[in-house]
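Examination of the molecular architecture
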Amino acid sequence: MKKLLLTAALMLMVTPAMAKEYTIKMVTDTEAEHPYAFSPSTLNIQPGDTVIFENAQDDTHNMMIDGAPKGVDGMIMSPTLEQEGQTWSYTFTKEGTYSFHCHPHQALGMKGTIIVGTASKPEDMHKMKHEHGE
Ligand SMILES: [Cu+2]
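Report on the accompanying structure. (Residues numbered from 1 in each chain as written. Predicted model: local features only at pLDDT ≥ 70, side-chain atom pairs only at ≥ 80, totals over all residues. Heavy atoms only, no water.)

**Quick notes on the overall build of the protein chain**
Threshold: A run of DSSP states H or I qualifies as a helix once it reaches four residues; a run of E qualifies as a strand once it reaches two. Both are numbered from the N-terminal end. Relative accessibility decides the category of a residue: with a 1.4 Å probe and only protein chains considered, values under 20% of the type maximum give buried, values over 50% give exposed, and everything between is partly exposed. Whether two residues are in contact is decided by their heavy atoms, any of which lying within 4.5 Å being enough. Here the accessible surface of atoms and residues is derived via Shrake-Rupley with a 1.4 Å probe, and residues count as covered only by protein chains that are part of the display.
Scanning the protein chain from terminus to terminus reveals one helix and nine strands. Counting from the amino terminus, the protein chain carries its helices and strands in the arrangement α-β-β-β-β-β-β-β-β-β. Counting over 134 residues, the protein chain shows a buried share of 32%. Long-range pairs, those at least 24 residues apart, make up 69% of the contacts in the protein chain with a sequence separation of at least 6. Total accessible area on the protein chain stands at roughly 8400 Å², and carbon and sulfur atoms take up 55% of it.

**Brief notes about the sheet that holds strand E1 (residues 21–28)**
Operational definition: Strands qualify as paired when DSSP identifies two bridges or more between them. Where helices are involved, their axes are fitted lines through C-alpha atoms of the stretch in contact, as for all axes, and angles between N-to-C directions lie from 0 to 180°.
Taken in spatial order, the four strands of this open sheet run E2-E1-E4-E6, and their pairing is mixed. One side of each edge strand has no neighbouring strand; the edge strands of this open sheet are strand E2 (36–39) and strand E6 (87–91). Neighbour-to-neighbour, the strand axes of this sheet turn through a mean angle of 20°, independent of strand direction. Two elements, E1 and strand E4 (residues 50–55), share six bridges in a ladder whose sense is parallel. Pairing of Glu 21 across the sheet is with Thr 50, part of E4.

In structure tokens:
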């Protein structure tokens, strides 16, 4: 009986879940041409999907959205992830293009793009303000 209940519970978790989960790793590879990177740095998902940002090594990374479709307001940013295996996830509900960067490594080109459904035209996007004034 216990086993049956467990099976039913597992099926409930799996079947109605249309939304998917994706993982973007925050990578440090000092040997690489771009030592600090999001992998993958571009991702196409659907509204309702969740993206997990995972620190792949012991290094300090974060994720800050710096451009978003109009109508998406407020800061979207992860806390600082300092240790290997630390994660932060966000569920994207509104269609469009989201650009993001890692604040500690922004100058080193650590950035990426997530397209939710259909990409936004540039005029349908807006810059998100950050406390550090960008
Ligand atoms: Cu970084």
